Amino acid sequence: MTDTAPPRADLAGRHIVLGLTGGIACYKAAELTRLLHKAGATVQVVMTQAAERFIGAVTMQALSGRPVTTDQWDAREPNNMAHINLTRDADAVLVAPASADFIAKLARGQADDLLSLACLARPIARCPLLVAPAMNREMWAHPATQRNVAQIAADGATLLGPDSGDQACGEVGDGRMLEPDDLLGEVVAFFQPKLLAGQTVLITAGPTFEPIDPVRGITNHSSGKMGFAIARAASEAGAEVTLVAGPVHLPTPRGVRRIDVKTAQQMHDAVLRALPGQGVFVATAAVADWRPAAPSETKIKKQRGDAPPSISLTESPDILATVACLADRPYCVGFAAESHDLLRHAREKRERKGIPLIVANLGPATFGCDDNAVTLIDADGEHELPRADKLTLARALVAEIARRLAAQPR
Ligand code: CTP
């Protein structure tokens, strides 16, 4: 995000009941609370007695800005029914960390403490239950836990994780709670409309790098941020997403399959390999149009008095045009990165490449930035998406794509 852009408030207006149960991952719940709060949610923390052994209610109160509830007999509640009141205005109950014991309780419908009572008493149709397991790998793998997890999923709970890796006990395996950042991403994604459920989306992103010799090459300023934001937005919208990325330093959005490539030819080959079965292709990559025809295998040395080497170039394959020509092509979306005469060039490019939709933007003004302003151009005309951060634009673009897919004759 640029310095001037406001912070993202993906959870503005949402009220989350955050339940903590006994586990060392309670320390991550502190950071999670801060992140939920920063994302605009109000957070009501509920702790079991076991959770209180791992983290203080004072910490959780300070971070959530609300008194923590721990007791089903809390006399501060006028009707003394904390277990009912807790979820009546909640958008979700998130149990993080969820211990093996607590998951077993949920599976049985047991309700012998405030948090399990609140989970059972929640209005099941409008207050979803999100569960982030956290336990030792043997406990996670145990058939009893797996049975309980399958049961709560069948009862409508959404499992977030667990992750795999180093465990507090020193062992390594499945059962770690997701990191707070990842959990926040999962919660935000949970609330996004599933506009692309059942769809498959293939995306290219970033620049390409065309070697001149082993130490030099031709590339451009594309950061890949827009393509990665579209991958995240499509995944949040329920699509199965494959991202073919040129050389960029960006984390892979959760749930997205990433294929790293370097050159235009490699990007072309990776796209064609991944293409069968894809419903949508979004080409955001700034593919180098030309590459050195014969890259040197050794570093080109400077000889005193010699003229600079001349590098002869050859054209790279046009990935988008290739895909758009196929008989069983997916719905193709291109990007036009221009420096001048934006709309004229973009209109021409859409027709030249034979694609239904192109997204026009000023390349030099957006490369590397966290925000952008774009114009969507299709056969019916033009539609501006005003300046916003790239994830907001990506979500708007995903909605536009979903709308056009739904309108297509079957
Ligand atoms: N594109 C592609 N393969 C290429 C060149 C471009 O897939 N070899 C795709 C881009 O990902 C983008 C669209 O085509 O979706 C337009 O890219 P852009 O660089 O703006 O246009 P070019 O076709 O390269 O034309 P020009 O450089 O002349 O503007």
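This text follows the structure it describes.
The structure contained in this document is the topic of the report that follows. Source: prediction; values computed, not measured. Residue indices follow the written sequence of each chain, beginning from 1 at its first position. Predicted model: local features are reported for residues with pLDDT of at least 70 only, side-chain atom pairs are reported and counted for 80 or more only, and whole-chain, interface and lining totals are derived from all residues. As a convention, hydrogens and water are excluded, and side-chain values are obtained from all of the structure's heavy atoms.

**A word on unusual backbone geometry**
Heads up, the rule is: The helix count covers DSSP runs of H or I at least four residues long, the strand count covers runs of E at least two residues long, and both are numbered beginning at the N terminus.
In the segment running from alanine 96 into proline 97, the intervening peptide bond is cis, with an omega of 5 degrees. With respect to the element layout, proline 97 can be found in strand 3 (residues 92-98). In this model, glycine 161 is joined to proline 162 through a cis peptide bond whose omega is 10 degrees. Here proline 162 lies in the loop between strand 5 (158-159) and strand 6 (163-166).

**Quick look at empty space enclosed by the protein**
To locate leftover empty space, one rolls a probe as large as a water molecule over the atoms. Cut-off, in case you're wondering: Cavity and pocket criteria rest on a 1 Å grid covering protein atoms alone: a 1.4 Å probe that fits but cannot get out defines a cavity, protein on both sides within 12 Å along at least 5 of 7 lines defines an open pocket, and an atom within 4 Å of a point defines a lining residue. Grid points are joined across faces, edges and corners, and a volume is the space filled by probe spheres set on the points. Under this grouping Gly is polar, as are all residues other than the nonpolar Ala, Val, Leu, Ile, Met, Phe, Trp, Tyr, Cys and Pro and the charged Asp, Glu, Lys and Arg.
Under the defined criterion, the tally for this structure stands at one cavity of 30 Å³ or more. Approximately 30 Å³ is the volume found for the largest cavity. If you go around the largest cavity, the residues you meet are Leu196, Val201, Ile230, Ala234, Val280, Val282, Val398 and Ile401. Contributing elements (two or more residues each) for the lining of the largest cavity: helix 10 (225-236), strand 13 (280-283) and helix 15 (390-407). Here the residues of the lining of the largest cavity are counted per class, giving eight nonpolar, no polar and no charged.

**Re the packing of aromatic side chains**
Stated formally: Only the six-membered ring of Trp is used, alongside the rings of Phe and Tyr, when aromatic pairs are assigned; centres must lie within 6.5 Å, and planes under 30 degrees apart are stacked while those over 60 apart are edge-to-face, with the rest tilted. Only when the NZ of Lys or the CZ of Arg is both within 6 Å of the ring centre and within 35 degrees of the ring normal is a charge said to sit over the ring.
Enumeration according to the criterion identifies one aromatic pair in this entry. Positioned over the ring face of phenylalanine 191 is arginine 14, at 4.1 Å from the centre of the ring.

**A word on the sheet that holds strand 8 (residues 200-205)**
Operational definition: Pairs of strands are assigned from DSSP output, requiring at least two bridges between the strands. Axis angles are defined between N-to-C directions and span 0 to 180 degrees, where every axis is a line fitted to C-alpha atoms and, for a helix, only to the segment in contact. In this description, contact between two residues means that some pair of their heavy atoms is separated by no more than 4.5 Å.
Pairing is mixed across the open sheet formed by eight strands, whose spatial order is 12-11-8-13-16-17-18-19. Every other strand in the sheet has two partners, leaving strand 12 (257-260) and strand 19 (381-389) as the edge strands with one partner each. The average undirected angle you get between the axes of adjacent strands in this sheet is 15 degrees. Across six bridges, the pairing between strand 8 and strand 11 (residues 240-245) is parallel. Paired with leucine 202 across the strands is threonine 242, a residue of strand 11. Each of strand 8, strand 11, strand 12, strand 13, strand 16 (331-338) and strand 18 (371-378) is contacted by helix 10, which is oriented at about 170 degrees to strand 11, the strand it contacts most. Helix 15 contacts strand 13, strand 16, strand 17 (357-362), strand 18 and strand 19 of the sheet and is inclined by roughly 150 degrees relative to strand 19.

**Thoughts on the site of the ligand**
Rule in force here: In this text, near means that some heavy atom of the residue lies within 4 Å of the molecule or strand in question. In protein, a polar contact means a hydrogen-donor-capable atom and an acceptor-capable atom, both N or O and within 3.5 Å, with residues adjacent in sequence counting only if both atoms are side-chain atoms; elsewhere, any N or O pair within 3.5 Å suffices. Where accessible areas are quoted, they stem from the Shrake-Rupley method and a 1.4 Å probe; at the residue level, only the protein chains shown are allowed to cover. In this description, a molecule resides in a pocket or cavity if more than half of its atoms sit within 2 Å of the grid points defining it.
The local shell around the ligand holds 15 residues, among which Ala283, Ala285, Asp289, Lys349 and Lys353 are the closest. One of the backbone nitrogen or oxygen atoms of proline 317 is found 2.9 Å away from a nitrogen atom of the ligand. Lysine 353 is positioned with one of its side-chain polar atoms (N or O) 2.6 Å from an oxygen atom of the ligand. In isolation the ligand has 560 Å² of accessible area, and contact with the protein removes 81% of it. Counting atoms within 2 Å of the grid points, the majority share of the ligand lands in the second largest pocket. Where the shell around the ligand is concerned, the elements lending two or more residues are helix 12 (319-325), strand 16 and helix 13 (342-353). For the shell around the ligand, the element with the highest residue contribution is strand 16, accounting for four residues. Split by residue class, the shell around the ligand holds nine nonpolar, one polar and five charged.

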